[in-house]
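Structural overview for review
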Amino acid sequence: MSNKSHGSVVEFESVTRSFGSITALRDFSLVLHPGELISLLGPSGCGKTTALRILAGIDKDHTGLVKIDGKPMTNVGANKRNIGMVFQAYSLFPNMTALENVGYGLRVRGVDSTARGKKAKDLLELVGLGEQSNRRPTELSGGQQQRVALARALAIEPRVLLLDEPLSALDAQVRSQLREEIRRIQTTLGITTLFVTHDQEEAMTISDRVGVMNKGNLEQIDAPSNLYNKPLTPFVAGFVGLTNYIQGFMESKSEVQVLNQLLDISDHSPSLKKGEEVRVLVRPESISITKASSGATVLTKSFLGPMTRIGLDAGLKELIYAEVPSKEAKKFDTGDHVKISIGTDSVMVESV
């Protein structure tokens, strides 16, 4: 393979896209730095794929600007943007070998067969399929076909790589392996990459930054650890990782009463009124439990390796989940009564 390339700068400037009365993307602004992998994460219909299609030039019916390396893409066709794309559907040519599929884009660009074959072979080696170069798609597994699709996207040496839920059709083990491969290759080549997914583990594992989207809005763009530990909105807190939603009420503007515990939330500045009913968002690892003669009841225990998730019945509509070290979890059996204590470090409060 050639030396590591220099990734491009990608800019979305106040991009809005509507479909009739539905706003799929609203005032969307984002900068991808050279060589950065950013994931757009969110539920179906949140606007993440719309953003990707606009960057690719497939969807041009929008307001706002998209720039690559400072150049507006408004009048640049999709085939002139030098962007590589990998979709959920592999879309390989069934009558071509893996080598021919990878070299197809180079053939269209008039690259001679010798140079084309060498480049395609090098890329298949990069994605771990050097020995399968003469196989047709029907002779390859789903994971192998997706590797071929990735190599094909990289063959044209794109300025930007777009990945639209490329792993969602694969089984869990293959998906985990391939996402690590994608990250390795992306880092090796230094290519600026936009990855669209609804799988939070996928996004949090491989991204430099993750953008959480909701109803066309980019709610937060941040490093994965900051998204989890310092969510800016209740939606982000609820979407990224498991979160308990517990009923409470405001004792004062800076204190919330929840599960007979008074928590200081002055650092969160929720702008709520005294006496207002609220939902308190609490991470499972922020809940500690101790044995008691009465209180919440242990209903479930789920072993997660070093941690165990314990489901607690505290007389609410839904169970409360605590995550404790598995060694400590051995102390608790189903049916035990426990006292719940909530730490204030990752608590958020929202109106009911």
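Rules used in this analysis
Every chain begins its residue count from 1, and numbering advances along the sequence as written. Only residues with pLDDT of at least 70 get local features here, since the model is predicted, and only at 80 or more are side-chain atom pairs given and counted; chain-wide, interface and lining totals rely on the full set of residues. To obtain the side-chain values, all non-hydrogen atoms of the structure were included, while hydrogens and water were left out. In plain words, nonpolar cores are sets of buried Ala, Val, Leu, Ile, Met, Phe, Trp, Tyr and Cys residues tied together by side-chain atoms within 4.5 Å. When a residue's accessible area, from a 1.4 Å probe over protein chains only, is under 20% of the maximum for its type it is buried; when over 50% it is exposed; and in between it is partly exposed. Comment: elements are numbered from the N terminus, with helices defined as DSSP H or I runs of at least four residues and strands as E runs of at least two. Throughout, a residue-residue contact means that at least one pair of heavy atoms, one from each residue, lies within 4.5 Å. An axis is simply a line fitted to the C-alpha atoms; with a helix, the fit covers only the stretch in contact. Between two such axes, the angle follows the N-to-C directions and lies from 0 to 180 degrees. The cut-offs work like this: below 35 degrees is roughly parallel, past 145 is roughly antiparallel, 65 to 115 is roughly perpendicular, and the gaps in between are oblique. Left-handed is the label given to a crossing in which the near helix is rotated counterclockwise from the far helix by less than a right angle, and right-handed is the label when the rotation is clockwise. Ten residue types, Ala, Val, Leu, Ile, Met, Phe, Trp, Tyr, Cys and Pro, are classed as nonpolar, four, Asp, Glu, Lys and Arg, as charged, and the remainder, Gly among them, as polar. Under this definition, polar contacts are N or O atom pairs within 3.5 Å; protein pairs additionally need one hydrogen-donor-capable and one acceptor-capable atom, and for neighbouring residues in sequence, both atoms have to be side-chain atoms. The criterion for strand pairing is that DSSP finds at least two bridges linking the strands in question. Any Phe, Tyr or Trp ring, taking Trp's six-membered ring, that has another such ring centre within 6.5 Å forms a pair; planes under 30 degrees apart are called stacked, those over 60 apart edge-to-face, and the others tilted. Comment: the charge-over-ring label is applied if NZ (Lys) or CZ (Arg) is within 6 Å of the ring centre and within 35 degrees of the ring normal.

The next subject is the nonpolar core. Within the largest apolar cluster, 32 residues are counted, with the highest numbers of intra-cluster contacts made by Val 102, Val 148, Leu 150, Leu 154 and Leu 161. Listed by contribution, the elements that provide at least two residues to this core are helix H2 (98-108), helix H3 (113-126), helix H4 (142-155), strand E7 (160-164) and helix H5 (172-189). Tallying contributions element by element places H4 first for this core, with 7 residues. Not counting residues up to four positions away in its chain, the partners in contact with Leu 154 are Leu 123, Leu 161, Ile 185, Leu 189 and Ile 191.

Remark: H2 packs on H3, axes separated minimally by 9 Å, with the N-to-C direction vectors making an angle of 125°. Classified by the angle their axes make, H2 and H3 are oblique. Considering only the axes of H2 and H3, their crossing is right-handed. Counting all contacts with H2, which are made through Ala 98, Leu 99, Val 102, Gly 103, Leu 106 and Arg 107, the residues of H3 involved are Arg 116, Gly 117, Lys 119, Ala 120, Lys 121, Leu 123 and Leu 124. Counted by class, the contact of H2 with H3 contains 7 nonpolar, 2 polar and 4 charged residues.

Turning next to unusual backbone geometry. Its identity is not glycine, yet Asn 82 carries a phi of approximately 55°, on the positive side. Mapping Asn 82 onto the fold places it in the loop between strand E5 (71-72) and strand E6 (83-87).

Glancing now at the side chain of Arg 183. Counting through the fold element by element, Arg 183 comes out in helix H5. Among the polar contacts listed, one links the side chain of Arg 183 to the backbone oxygen of Ile 206, at a separation of 2.9 Å. Once you skip the residues sitting within four places of it in the chain, Arg 183 turns out to touch Leu 37, Ile 206, Ser 207 and Asp 208.

All right, on to the sheet that holds strand E12 (residues 255-258) then. Strand order in this open sheet of 5 strands is E13-E12-E11-E14-E19, and the pairing throughout is antiparallel. Pairing within the sheet leaves two strands with one partner each, and these edge strands are strand E13 (261-264) and strand E19 (348-351). Direction aside, the axes of adjacent strands within the sheet are offset by 40° on average. With 3 bridges joining them, strand E11 (residues 244-252) and E12 adopt antiparallel strand pairing. Bridging across to E12, Phe 249 finds its partner in Gln 257.

Ordered in space as E6-E7-E8-E3-E9-E10, the 6 strands form an open sheet in which the pairing is mixed. With one partner strand each, in any of the chains shown, E6 and strand E10 (217-222) form the two edges of the open sheet. Neighbour to neighbour, the strand axes of the sheet diverge by 15° on average, direction disregarded. Pairing geometry for E6 and E7, over 5 bridges, is parallel. Of the residues in E7, the one forming a bridge with Val 86 is Leu 163.

Each α-helix turn comprises 3.6 residues. Residues three or four places apart therefore point the same way. Burial runs high along helix H1 (residues 48-56): 7 of the 9 residues are buried. Those residues of H1 that sit buried are Lys 48, Thr 50, Ala 51, Leu 52, Ile 54, Leu 55 and Ala 56. At the C-terminal side of H1, Gly 57 shows a positive phi close to 90°.

This part covers the packing of H4 against H5. One can describe the packing of H4 onto H5 by two numbers: an axis separation of 11 Å at closest approach and a directional angle of 15°. The pairing of H4 with H5 is recorded here as roughly parallel in orientation. Between H4 and H5 lies a crossing whose hand is right-handed. Note on element contacts: H5 touches H4 through Val 174, Leu 178, Glu 181, Ile 182, Ile 185 and Leu 189, opposite Gly 143, Gln 146, Arg 147, Leu 150 and Leu 154.

A word on the packing of aromatic side chains. Scanning all chains against the criterion turns up 3 aromatic pairs. Ring plane angle 55° and centroid distance 4.7 Å describe the contact between Phe 93 and Tyr 104, whose orientation is recorded as tilted. With Phe 93 in the loop between E6 and H2 and Tyr 104 in helix H2, the pair connects residues that are 11 residues apart, well separated along the chain. Considering the side-chain rings of Phe 235 and Phe 239, the 5.6 Å spacing of their centres and the 15° angle between planes classify their relative orientation as stacked. With Phe 235 and Phe 239 both in helix H8 (residues 234-239), this residue pair falls 4 residues apart, about one helical turn. Its guanidinium or amino end placed over the ring of Phe 19, Arg 17 lies 3.9 Å from that ring's centre, counting from NZ or CZ. One cation-aromatic arrangement involves Arg 283 over Tyr 228; the distance from NZ or CZ to the ring centre is 4.0 Å.

Here His 33 is to be found in the loop between strand E2 (22-32) and strand E3 (37-41). A relative accessible area of 42% places His 33 in the partly exposed class. Taking the C-alpha atoms as reference points, His 33 and Thr 192, 159 residues apart in sequence, are found 7.1 Å from one another. Apart from residues lying up to four places away in sequence, His 33 is in contact with Ser 8, Thr 192 and Arg 209.

Counting through the fold element by element, Met 73 comes out in the loop between E5 and E6. Each C-alpha atom of the pair Met 73 and Lys 60 lies 9.5 Å from the other, and the pair is 13 residues apart in sequence. Residue contacts for Met 73: discarding those within four places in its chain leaves Lys 60, Val 66, Ile 68, Arg 81 and Arg 159.

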